[in-house]
Amino acid sequence: MAGFDSSQVASLLRQIGAYNDLLASAYVYGSIASDDQDANTLSLLHKSGLIRPDDSPGEYRVTTDLKRMLNRLMRKQSSYRQLTDMGKVIDAIDEVAKDYELATKAKEQEDAEYYLDQLDDLLYETKDSLNNNLDTMHFAIVSQFGFVSSLSNKIRQNERYLSHAQKLLNELQQIDPQDCYEWLDWACPNEFARKISSFVYWYNQILPKLRLIIDNMRISLFRLRRDEKQASQLRNMARFLRKHPEFDLDENLFELPSLPETLKYSPPMPLRSYVDTKQTDIEQPLLELVQSLRKQSVVTPIKTRVTGEVSVKPIERLAAEEDFFEQQTELLFEHVIINNSAVSALSFYQEYQDSWLDQSQSIAPKAWIELVFSCYCKLTSAQQNALNIKMKGVAVTGTTDNYRYSDVVIELRGELKTELSA
């Protein structure tokens with residue numbers, strides 16, 4: 001379906017390979033100047049669309065298409081600015097999908113293949129452009145925006161990337177990818193359905209990736225701003241020391257007569273660029289120094305550390321207590337199995353109520369029926385397969401499947417009854 005044959009493509013690739021040094025110099029240094037020897041070569045490359053004239057006479061630059069391709073291959077940080085208008089992309093896919101549907105229903109096979117190829121190219125270009133956009137932003141974060149050197153420029157680039165990513169996320173969130181399944185609402189071929197489903201799956205995967213990139217950009221921006229603040233403080237300190245040379249140590253300090261004898265023969269003091277906060281003996285002077293640097297008149301005293309003992313009591317063993325009426329429900333289930341007969345929860349309650357009261361145990365009939373039902377629901381699958389529960393009640397007026405249950409009956413299933421009888 002391409003508009004060129006293979007010989008034309010091969011000729012263009014041969015020109016790129018034959019004049020690779022000129023094209024590389026034009027790409028790296030921005031432009032190349034022509035002379036008498038390279039005039040014909042530059043004219044040939046100009047006609048092929050690989051270079052273009054510069055503003056200065058006699059100079060040439062790499063064309064935008066070739067430079068964009070090299071930027072992507074060399075991971076140059078320029079393609080992140082390419083905004084993907086997904087609304088227009090969805091509209092274009094919708095038009096191609098409708099054309100493909102009409103051509104397929106009309107049994108126009110060649111036109112259907114053309115529209116399917118056009119759809120495939122459109123989907124690939126969309127996914128490739130957006131994936132390249134995200135990869136470029138991710139590479140910039142990982143490299144800490146290494147294509148610029150100063151911290152201020154790194155912060156500025158990070159802010160631009162973050163603004164672009166947030167706009168892109170807002171744009172992508174306005175589209176519901178589930179609506180794309182409407183294109184499959186007909187007896188479409190499997191190949192067409194597979195392309196649309198793959199596009200929807202990719203779209204659902206790209207949003208979490210973009211959110212992760214935005215979070216990493218925010219963290220990177222915080223770190224860059226912190227580094228810039230520290231660098232500014234160091235610059236201010238260096239500027240202060242240059243303006244106050246009295247803080248510089250004299251190289252002949254050890255020869256001065258005012259220096260005490262104890263210091264002349266003392267071992268050199270270990271110098272560090274940090275303070276070891278683990279040394280408790282310098283905790284008080286260090287705190288006083290910090291408080292004085294903060295220009296506070298009152299020094300916060302250090303609280304005296306208090307030591308204490310931790311006593312652990314032995315684990316107390318408590319006997320497990322079972323609920324009385326849950327035991328009675330177990331007796332009800334045992335009675336059903338032993339006697340091989342159905343037992344009503346209400347009749348069981350009436351039979352054993354007096355003995356329960358003698359033991360100072362009482363329960364309402366409604367609560368007892370609900371307890372029997374809940375205990376039956378807590379049985380294992382094998383136990384529930386052995387027992388059967390029947391609910392007795394009347395339908396609630398004005399409803400179809402709602403009942404007021406007044407009793408439950410537990411009985412063995414039919415196959416178990418036969419086995420026990422045998």
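Residues numbered from 1 in each chain as written. Predicted model: local features only at pLDDT ≥ 70, side-chain atom pairs only at ≥ 80, totals over all residues. Heavy atoms only, no water.

Participant: In this structure, what is going on with the overall build of the protein chain? I would like to understand it.
Facilitator: Summing up its helical and strand segments, the protein chain has 15 helices and six strands in all. Burial status across the protein chain gives 27% buried among its 422 residues. The contacts of the protein chain with a sequence gap of at least 6 include a subset with a gap of at least 24, amounting to 62%. In the form shown here, the protein chain has an accessible surface area of approximately 30500 Å², with 52% of it arising from carbon and sulfur atoms. (Helix = DSSP H or I, 4+ residues; strand = E, 2+ residues; numbered from the N terminus. Buried < 20%, exposed > 50% of the residue type's maximum accessible area, 1.4 Å probe, protein only. Contact = heavy atoms within 4.5 Å. Areas by Shrake-Rupley, 256 points an atom, 1.4 Å probe, with all protein chains shown as cover.)

Participant: I would appreciate a short explanation of the packing of aromatic side chains in the present structure.
Facilitator: Note on aromatic pairs: each is described by the distance of the centres and the angle between the planes. Enumeration according to the criterion identifies 14 aromatic pairs in this entry. Measuring from ring centre to ring centre gives 6.2 Å for Trp202 and Tyr203, while their planes differ by 75°; the resulting arrangement is edge-to-face. Look at Trp202 and you get buried, because its relative accessible area is 11%. Arranged with centres 6.4 Å apart and planes meeting at 55°, the rings of Phe348 and Trp356 form a pair that is tilted. Residue Phe348 shares its accessibility class with Trp356, and that shared class is buried. Grouping aromatic residues by their ring pairs yields a cluster made of Phe324, Phe325, Phe348, Tyr349, Tyr352, Trp356 and Trp368. (Phe/Tyr/Trp six-rings, centres within 6.5 Å; stacked < 30°, edge-to-face > 60°.)

Participant: Please clarify how the environment of Glu159 should be interpreted in this entry.
Facilitator: With respect to the helices, strands and loops of the structure, Glu159 is situated in helix α7 (residues 151-173). A C-alpha to C-alpha distance of 8.4 Å links Glu159 and Met217, two positions 58 residues apart in sequence. Contacts of Glu159, omitting those with residues within four sequence positions, involve Leu221 and Arg225.

Participant: What is the right way to look at the pattern of salt bridges in this model?
Facilitator: Opposite charge on two side chains permits pairing when their charged atoms draw close. Taken as a whole, this structure holds nine salt bridges when the rule is applied. Taking the shortest distance from any N to any O, the salt bridge between Lys105 and Glu101 comes out at 2.8 Å. Of this pair, Lys105 and Glu101 both sit in helix α5 (residues 86-105), separated by four residues, roughly a single helical turn. According to the relative accessible area criterion, Lys105 is exposed, its value standing at 55%. A salt bridge links Asp120 to Lys195; its shortest N-O distance comes to 2.8 Å. (Salt bridge = Lys/Arg side-chain N within 4 Å of Asp/Glu carboxyl O.)

Participant: In this structure, what is going on with the sheet that holds strand β1 (residues 32-33)? I would like to understand it.
Facilitator: Working definition: the strands of a sheet are paired by backbone hydrogen bonds and lie parallel or antiparallel to each other. One open sheet holds the three strands; their spatial order is β1-β3-β2, and the pairing between them is antiparallel. Of all strands in the sheet, those with a lone pairing partner are β1 and β2 (51-53), marking the two edges. As paired strands, β1 and strand β3 (residues 59-62) are joined by two bridges and run antiparallel to one another. Across the sheet, Ala33 pairs through a bridge with Glu59, a residue of β3. (Pairing = 2+ DSSP bridges.)

Participant: How should the packing of α5 against helix α8 (residues 190-243) be read in this particular structure?
Facilitator: In helix packing, the relevant descriptors are the interaxial angle and the interaxial distance, both defined with respect to the helix axes. Here α5 crosses α8 at 165°, and the two axes come no closer than 12 Å. On the basis of the axis angle, α5 is roughly antiparallel to α8. Helix-helix and strand crossings are classified by hand; for α5 and α8 the assignment is left-handed. Residues Met86, Ile90, Ile93, Ala97 and Tyr100 of α5 touch α8, and the partners they reach there are Phe192, Phe199 and Tyr203. Across the contact of α5 with α8, the residue classes break down as eight nonpolar, no polar and no charged. (Axes fitted to C-alpha atoms, helices over the stretch in contact; angles between N-to-C directions. Parallel < 35°, antiparallel > 145°, perpendicular 65-115°, else oblique. Left-handed = near helix turned anticlockwise from the far one by under 90°. Nonpolar A, V, L, I, M, F, W, Y, C, P; charged D, E, K, R; others polar.)

Participant: Help me understand the nonpolar core, please; the structure alone is not making it clear to me.
Facilitator: Side chains that are nonpolar tend, in soluble globular proteins, to be buried together. Core analysis: the biggest nonpolar cluster contains 47 residues, and Leu172, Phe192, Phe199 and Leu210 have the highest contact counts within it. Those elements that provide at least two residues to this core are α5, α6 (109-142), α7 and α8. Contact partners of Leu172, with chain neighbours within four places excluded, come to Met86, Leu130, Tyr203, Ile206, Leu207 and Leu210. Among the nonpolar cores identified, the runner-up in size contains 23 residues, and Ala345, Leu387, Ile389 and Leu412 belong to it. (Core = buried A, V, L, I, M, F, W, Y, C linked by side-chain atoms within 4.5 Å.)

Participant: Mind showing me how you'd approach the side chain of Ser344 here?
Facilitator: Here Ser344 is to be found in strand β4 (residues 343-344). Among the residues examined, Ser344 registers a relative accessible area of 14% and is labelled buried. Polar side-chain contacts of Ser344 include one of 3.3 Å to the backbone nitrogen of Leu346. In contact with Ser344, other than residues within four places in its own chain, are Asp407, Val408 and Val409. (Polar contact = N/O pair within 3.5 Å; in protein donor to acceptor, adjacent residues only side chain to side chain.)

Participant: Could you clarify how one ought to interpret unusual backbone geometry in this entry?
Facilitator: With glycine set apart, most residues show a phi of negative sign, and most peptide bonds adopt trans. A positive phi is found at Lys107, a non-glycine position, where the angle reads about 60°. The residue Lys107 is located in the loop between α5 and α6 in this model. A positive phi angle, close to 60°, is found at Ser360, a residue other than glycine. Relative to the helices and strands, Ser360 resides in the loop between α12 (345-358) and α13 (365-377).

Participant: I would appreciate a short explanation of the side chain of Thr329 in the present structure.
Facilitator: Here Thr329 shows up in helix α11 (residues 324-339). Classification of Thr329 as buried rests on a relative accessible area of 2%. Separated by 2.4 Å, the side chain of Thr329 and the backbone oxygen of Glu326 make a polar contact.

Participant: Please clarify how a negative patch on the surface should be interpreted in this entry.
Facilitator: Judged by side-chain charge, Glu108, Glu110, Asp111, Glu113, Asp117, Asp121, Glu125 and Glu191 come together as a negatively charged surface patch. Per-element accounting of the negative patch gives the leading share, six residues, to α6. Along the chain, the position of Glu108 falls in the loop between α5 and α6. Exposure remark for Glu108: the relative accessible area of 41% places this residue in the partly exposed category. (Patch = residues over 30% accessible without salt bridge, like charges linked within 9 Å, V, L, I, M, F, W, Y side chains within 5 Å. Lys, Arg positive; Asp, Glu negative; His and termini not counted. Charge placed at Lys NZ, Arg CZ, Asp CG, Glu CD.)

Participant: Please clarify how the pairing of strand β6 (residues 403-412) should be interpreted in this entry.
Facilitator: Note on strand geometry: in a regular strand, side chains alternate between the two faces of the sheet. Across two bridges, β4 lies against β6 in antiparallel orientation. Of the residues in β6, the one forming a bridge with Ser344 is Val409. Relative to β6, strand β5 (residues 387-395) is paired through nine bridges, and the arrangement is antiparallel. Paired with Ala395 across the bridge in β6 is Tyr403.

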